[in-house]
Amino acid sequence: MAGRRAPREGGGAQVTSVVQDYLKLIWKLGERSDDPVTTTVLARGLGVGAPTVSETVQRLAAQGWVNHRPYHPVTLTPQGRDLALAMVRRHRLLETWLVRELGYGWDEVHDEAEVLEHAVSERFVDALDARLGHPWRDPHGDPIPTRDGSVRSVRGQPAGSLRDGEQGRVVRVVDDDPAVLRECAAAGVVVDAVVIGPVTLSAAALSAVRVEPTGAVSGDGSPAPSG
């Protein structure tokens, strides 16, 4: 799909699926962490070589999508952020649709949405949003940007950080690894589930599951009295 091109209104720059993928990843990395987004981090996330990423980032900067200087982090320009959010919106709405309407598992939707997001029109995306009832998050708890670019902040803390007896509500499960998603589903660790520390999952899953602590529990499993 890398060769698909669509005209961009204003500025004359062309939007390819490569541009879309880079901008979307830059935004997602910034959403999940305060760590700087470097070309090395992008290369790892995209599964391509660092020289290729450096060359592409230079081109994106020349086209006005990103800000970048050698040995400095990559950041999105306002134009780049708008396109990144539009792509994130497409991807997460498509994942939601695939799970709700077509019966896909939450571990199966990422690759399917990656293909579809480059093909659907804005009219289709808006119709899909309305059909789904304007959901604010996808099956993994990732917030879905609105049409005007508004997006909620959802981070939480790793489930592995819950102390013994501390209770937390699952708010998000990072969807990078399908095997981790299958492990979490088998253990009942899904969005909005309540878990109690220490949570028994693999190290990778403990890192992927984000929770919001809701307090301690007593020895019989009921909420501990406050004060």
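### What about the packing of aromatic side chains?
Right, on to step 1. Overall, the coordinates contain 1 aromatic pair when judged by the stated rule.
Right, on to step 2. Arranged with centres 6.1 Å apart and planes meeting at 80°, the rings of tryptophan 97 and phenylalanine 124 form a pair that is edge-to-face. Of this pair, tryptophan 97 sits in helix H4 (residues 78-100) while phenylalanine 124 is found in helix H6 (residues 122-131), placing the two residues 27 residues apart along the sequence.
Right, on to step 3. The ring of tryptophan 136 has arginine 152 lying over it, and the distance from NZ or CZ to the ring centre is 4.2 Å.

### As for the sheet that holds strand E8 (residues 209-216)
Right, on to step 1. Judged by pairing direction, the sheet is antiparallel, and its 4 strands sit side by side in the order E5-E8-E6-E7 without closing on themselves. Of all the strands in the sheet, the pair left with one neighbour each is strand E5 (157-158) and strand E7 (194-196).
Right, on to step 2. The pairing of strand E6 (residues 166-173) with E7 spans 3 bridges and is antiparallel. The residue bridging glycine 168 from the neighbouring strand is valine 195, located in E7.

### Brief notes about the nonpolar core
Right, on to step 1. Grouped together as the largest cluster of nonpolar side chains are 22 residues, with contacts concentrated most on Leu23, Leu42, Trp65 and Val66.
Right, on to step 2. Within the residue set of this core, elements represented by two or more residues are helix H1 (17-32), helix H2 (39-46), helix H3 (50-62) and H4.
Right, on to step 3. Sort the elements by how many residues they give to this core and H1 lands first, with 6 residues.
Right, on to step 4. The contact partners of leucine 23, leaving out residues within four places of it in the chain, are Leu60, Trp65, Val66, Leu76, Gly80, Leu83 and Ala84.

### Some details on the pairing of E8
Right, on to step 1. Across 2 bridges, the pairing between E5 and E8 is antiparallel. Considered in E8, the bridge of glutamine 157 is made with valine 211.
Right, on to step 2. Bridging between E6 and E8 involves 7 bridges; their strand directions are antiparallel. Bridge pairing in E8 places glutamate 166 opposite alanine 216.

### Some points on the confidence of the model for the chain
Right, on to step 1. Scored by pLDDT, the chain comes out at a mean of 90, with 89% of its residues at no less than 70.
Right, on to step 2. Here residues 1-12 is modelled with pLDDT under 50, and outside its nearest four sequence neighbours on either side it reaches 19 contacts, counting other chains as well.

### Observations concerning helix H7 (residues 178-186)
Think of an α-helix as turning once every 3.6 residues; residues three or four places apart then point the same way.
Right, on to step 1. Of all the residues in H7, the buried ones are Val180, Leu181 and Cys184. Within H7, the buried residues cover an arc of 100° as seen down the axis, which keeps them to one side.
Right, on to step 2. Elements that come into contact with the buried residues of H7 comprise E6, helix H8 (203-208) and E8.
Right, on to step 3. Put simply, aspartate 177 is the residue that caps the front of H7, since its side-chain oxygen is 2.9 Å from the backbone nitrogen of alanine 179.
Right, on to step 4. Following H7 by one or two positions, glycine 188 has its phi on the positive side, about 75°.

### A short note on H2
Right, on to step 1. Turning to H2, its buried residues are Thr39, Leu42 and Ala43. On an axial view of H2, the arc spanned by its buried residues comes to 100°, and they lie on one face. Every exposed residue of H2 that faces more than 90 degrees away from the buried side is listed here: Arg44 and Gly45.
Right, on to step 2. Residues of H2 that are buried sit in contact with H1 and H3.
Right, on to step 3. Residue glycine 47 follows H2 closely and has a positive phi angle near 70°.

### Some remarks on the pattern of salt bridges
Right, on to step 1. Summed over all chains, the structure comprises 17 salt bridges.
Right, on to step 2. A salt bridge links aspartate 126 to arginine 89; its shortest N-O distance comes to 3.1 Å. Residue aspartate 126 is located in helix H6, and its partner arginine 89 is located in helix H4; the two are separated by 37 residues in the primary sequence.
Right, on to step 3. For aspartate 142, the salt bridge goes to arginine 172, with nearest N and O atoms at 2.5 Å. On the criterion of sequence distance, the pair formed by aspartate 142 in the loop between H6 and E5 and arginine 172 in strand E6 is long-range, its members being 30 residues apart. As far as burial versus exposure is concerned, aspartate 142 and arginine 172 are alike and both buried.
Right, on to step 4. Three or more residues joined by partner-sharing salt bridges are found here, namely Glu31, Arg92, Asp142 and Arg172.

About the thresholds
- Residues numbered from 1 in each chain as written.
- Predicted model: local features only at pLDDT ≥ 70, side-chain atom pairs only at ≥ 80, totals over all residues.
- Heavy atoms only, no water.
- Phe/Tyr/Trp six-rings, centres within 6.5 Å; stacked < 30°, edge-to-face > 60°.
- Helix = DSSP H or I, 4+ residues; strand = E, 2+ residues; numbered from the N terminus.
- Lys NZ or Arg CZ within 6 Å of the ring centre and 35° of its normal.
- Pairing = 2+ DSSP bridges.
- Core = buried A, V, L, I, M, F, W, Y, C linked by side-chain atoms within 4.5 Å.
- Buried < 20%, exposed > 50% of the residue type's maximum accessible area, 1.4 Å probe, protein only.
- Contact = heavy atoms within 4.5 Å.
- pLDDT = per-residue confidence, 0-100.
- Arc of directions from axis to C-beta.
- Polar contact = N/O pair within 3.5 Å; in protein donor to acceptor, adjacent residues only side chain to side chain.
- Salt bridge = Lys/Arg side-chain N within 4 Å of Asp/Glu carboxyl O.

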